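# Commentary on secondary and tertiary structure
Here is what each chain is made of, one letter per residue.
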Amino acid sequence: MSEVVEPVEDGAVERPHRGIKSFVMRSGRMTEGQQRGLDLGWPKFGLQLEDGLRDFDQVFGRSAPRTFEIGFGMGHATLEMAAAAPEQDFIGVEVHKPGVGALLNGMLTQNLSNIRVYSCDALEVLRDCVADASLDRLLLFFPDPWHKSRHHKRRIVQPAFAELVRQKLKIGGVLHMATDWEQYAEHMLEVLNVAPGYRNLAADGRCVERPSERPVTKFERRGERLGHGVWDLKFQRID
Ligand SMILES: C[S@@+](CC[C@H](N)C(=O)[O-])C[C@H]1O[C@@H](n2cnc3c(N)ncnc32)[C@H](O)[C@@H]1O
């Protein structure tokens, strides 16, 4: 059977794939700083999917509250959170190489050592590298909304995602999602409000107030000026 190369919503052409992927591999030129991040930061802070299950206490050299972030983009929020909480550890995963370089470069510039980075599909990392019941928080900030109905199946938030995340969170651990696309927020609510083993932390069973620990991104600030909304959702693992 021949594989189909389908055009995706941003006009790029996607490579054939067998499983559903929540991202498109974008080509992008690396800036000098991003290249520096990859050259000097990756050997210190980069981790490989192929190394399989990790003992993150050993990786970080300490036992500390642990946050896993999916799709950190250029790493602005990650850097801000890690700088504000040196007593906590962060594992960031992003498929876009220039973003990985940018985060690593930021770590070097700010002299941060409480972040480790994977450059591949975060779902594979969660599945293969992270022990069950080992995460305090899982962050999913502004995931690709996949606007068109025929692309909704590519949204990362699905029942299987909810179950995988539940397994990896400690009991009491929290999945925190944010989106600026109202229909995606509704979709997140539909999936998570019926997912077994979770409690919605919003008093009204919908969205929480903007949590102060989530840094405001440049993109979000621009959205606010244009009157766009942002929805934050928090679900706690209770079982
Ligand atoms: C819309 S951007 C948001 C970036 C960032 N969180 C922010 O708030 O600015 C979504 C990011 O998620 C990444 N992404 C999507 N699916 C992913 C996956 N399965 N594993 C790793 N990264 C993923 C994309 O490459 C993209 O950079």
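Refer to the structure presented above.
To start, this report covers the structure provided alongside it. (Residues numbered from 1 in each chain as written. Predicted model: local features only at pLDDT ≥ 70, side-chain atom pairs only at ≥ 80, totals over all residues. Heavy atoms only, no water.)

## Here's the deal with the overall build of the protein chain
As a reminder, the rule being used: A run of DSSP states H or I qualifies as a helix once it reaches four residues; a run of E qualifies as a strand once it reaches two. Both are numbered from the N-terminal end. C-alpha atoms define the radius of gyration, and 2.2 Å times the number of residues to the power 0.38 defines the globule rule. For the exposure calls, accessible area comes from a 1.4 Å probe over protein chains only, and a residue counts as buried if that area is under 20% of its type's maximum, exposed if over 50%, partly exposed in between. Contacts are residue-level and defined by heavy atoms, with any inter-residue pair within 4.5 Å sufficient.
Each helix and strand counted, the protein chain has 8 helices and 8 strands in total. Radius of gyration (C-alpha) of the protein chain: 18 Å, near the 18 Å computed for a compact globule of 239 residues. Summarising its shape, the C-alpha atoms of the protein chain cover approximately 45 × 45 × 40 Å along the three principal directions. Split into buried and exposed, the 239 residues of the protein chain put 50% on the buried side. At a minimum sequence separation of 6, the contacts of the protein chain that also span at least 24 residues come to 78%.

## Some points on the packing of aromatic side chains
Using the following cut-off: Here a pair means two rings of Phe, Tyr or Trp (six-membered ring of Trp) with centres within 6.5 Å. Their orientation is stacked below 30 degrees between planes, edge-to-face above 60, and tilted elsewhere. Two conditions define a charge located above a ring, namely a distance within 6 Å from the ring centre to NZ of Lys or CZ of Arg, and an angle within 35 degrees of the ring normal.
Across all of its chains, the model carries 1 aromatic pair by this definition. Between Tyr198 and Phe235 the ring centres are 6.4 Å apart and the planes differ by 85°, which places this aromatic pair in the edge-to-face class. Of the two residues, Tyr198 is situated in strand S7 (residues 198-200) and Phe235 in strand S8 (residues 231-237); the sequence distance between them amounts to 37 residues. Judged by relative accessible area, which is 10%, Tyr198 ranks as buried. Note that Arg155 overlies the ring of Tyr184, its terminal NZ or CZ placed 4.7 Å from the centroid. Of note, Arg214 hangs over the ring of Phe141, and the distance from its end group to the ring centre comes to 5.9 Å.

## Re the site of the ligand
What counts is decided by this rule: When at least one non-hydrogen atom of a residue lies within 4 Å of a molecule or strand, that residue is treated as near it. The definition of a polar contact used here is a pair of N or O atoms within 3.5 Å, where within protein one atom must be able to donate a hydrogen and the other to accept one, and adjacent residues in sequence count solely through side-chain atom pairs. Shrake-Rupley sampling with a 1.4 Å probe provides the accessible areas, and residues are treated as covered by the protein chains on show and by no other component. For this classification, Asp, Glu, Lys and Arg are treated as charged, while Ala, Val, Leu, Ile, Met, Phe, Trp, Tyr, Cys and Pro are nonpolar and the rest, including Gly, are polar. The domain boundaries here were taken from an automatic or database domain assignment.
The full set close to the ligand counts 16 residues, and Ser22, Gly71, Glu94, Ala122 and Phe141 are the nearest of them. The contact in question runs from an oxygen atom of the ligand to an N or O atom on the side chain of Arg26, over 3.2 Å. Here Ala122 contributes a backbone N or O atom positioned 2.8 Å from a nitrogen atom of the ligand. When the ligand sits alone it has 600 Å² of accessible area, and the protein chains cover 84% of it. In terms of residue class, the shell around the ligand is made up of 9 nonpolar, 3 polar and 4 charged. Residues lining the shell around the ligand come from more than one domain, with at least three contributed by each of domain 1 (61-130) and domain 2 (134-203 + 215-239).

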